[in-house]
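Summary of structural features
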Amino acid sequence: MRLVEVSNGDFARTIVRILVFSTWRLALFENVRDSCDPVLAAVAHKGFKELTYHRDYAARWVVTLGCGTTESRRRMGAIEFIWPFIPELFVCTDTERCWPLLV
């Protein structure tokens, strides 16, 4: 997944990347928390809490940067850099195609 391979050189890009990825992953973990597999459900439950923290942290920074100085608002153009990586999040791999069997 190329989104998670984007370098951390720019703070705004990093924050936007964290927001996008954690929000996407949070939706996946929310569905797995009710899995009939107790280990998978436990991992998803723990991960859900962690991902919620990361999503909220990034969202607060997006608001702070977006409502800040002219320069910080300009830097939030980072979404334009991250945007091309987003469609890849919704392409199923062969492993994910068997996902309903795991839940």
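Just above sits the structure.
Residues numbered from 1 in each chain as written. Predicted model: local features only at pLDDT ≥ 70, side-chain atom pairs only at ≥ 80, totals over all residues. Heavy atoms only, no water.

This brings us to the packing of helix 1 (residues 11–32) against helix 2 (residues 38–66). Here helix 1 crosses helix 2 at 150°, and the two axes come no closer than 7 Å. Comparing their axes, helix 2 and helix 1 come out roughly antiparallel. The chirality of how helix 1 crosses helix 2 is left-handed. (Axes fitted to C-alpha atoms, helices over the stretch in contact; angles between N-to-C directions. Helix = DSSP H or I, 4+ residues; strand = E, 2+ residues; numbered from the N terminus. Parallel < 35°, antiparallel > 145°, perpendicular 65-115°, else oblique. Left-handed = near helix turned anticlockwise from the far one by under 90°.)

Here the focus is a nonpolar patch on the surface. Taken together, the side chains of F11, Y53, Y57 and W61 make up a nonpolar region of the molecular surface, amounting to roughly 380 Å² of accessible area. Looking at which element gives the most residues to the nonpolar patch, the answer is helix 2, with 3 residues. Considering the arrangement of structural elements, one finds Y53 in helix 2. Residue classification places Y53 among the partly exposed residues on the basis of a relative accessible area of 47%. (Patch = residues over 30% accessible without salt bridge, like charges linked within 9 Å, V, L, I, M, F, W, Y side chains within 5 Å. Areas by Shrake-Rupley, 256 points an atom, 1.4 Å probe, with all protein chains shown as cover. Salt bridge = Lys/Arg side-chain N within 4 Å of Asp/Glu carboxyl O. Buried < 20%, exposed > 50% of the residue type's maximum accessible area, 1.4 Å probe, protein only.)

Okay, helix 1 next. Compared with an ideal rise of 1.5 Å per residue, which puts 22 residues at 32 Å, helix 1 spans 31 Å between its outermost C-alpha atoms and is within 8% of the ideal. Along helix 1, the residues that are buried comprise A12, T14, I15, V16, R17, V20, S22, W24, L26 and V32. Two or three places before A12, at the start of helix 1, stands the capping residue D10, its side-chain oxygen 3.2 Å from that residue's backbone nitrogen. (Expected span 1.5 Å × (residues − 1). Polar contact = N/O pair within 3.5 Å; in protein donor to acceptor, adjacent residues only side chain to side chain.)

Structurally, I82 can be placed in helix 4 (residues 78–82). Along the sequence, I82 and V39 sit 43 residues apart, while their C-alpha atoms lie 33 Å from each other. When sequence neighbours within four positions are dropped, the list of residues in contact with I82 reads L3, V6, R13, V16, R17 and V20. (Contact = heavy atoms within 4.5 Å.)

Once that is clear, we can look at the packing of aromatic side chains. Scanning all chains against the criterion turns up 4 aromatic pairs. Look at F11 and W61: their rings are 4.9 Å apart centre to centre, the planes differ by 85°, and that puts the pair in the edge-to-face class. Within this pair, whereas F11 is found in helix 1, its partner W61 is found in helix 2, the two being separated by 50 residues in sequence. Note on W61: relative accessible area 30%, which makes it partly exposed. Where Y53 meets Y57, the ring centres are 6.2 Å apart and the plane angle is 25°; that geometry is what we call stacked. A residue pair is termed a helical-turn pair when its members lie 3 or 4 positions apart in one helix, as Y53 and Y57 do in helix 2 at 4 residues. Judged by relative accessible area, which is 32%, Y57 ranks as partly exposed. (Phe/Tyr/Trp six-rings, centres within 6.5 Å; stacked < 30°, edge-to-face > 60°.)

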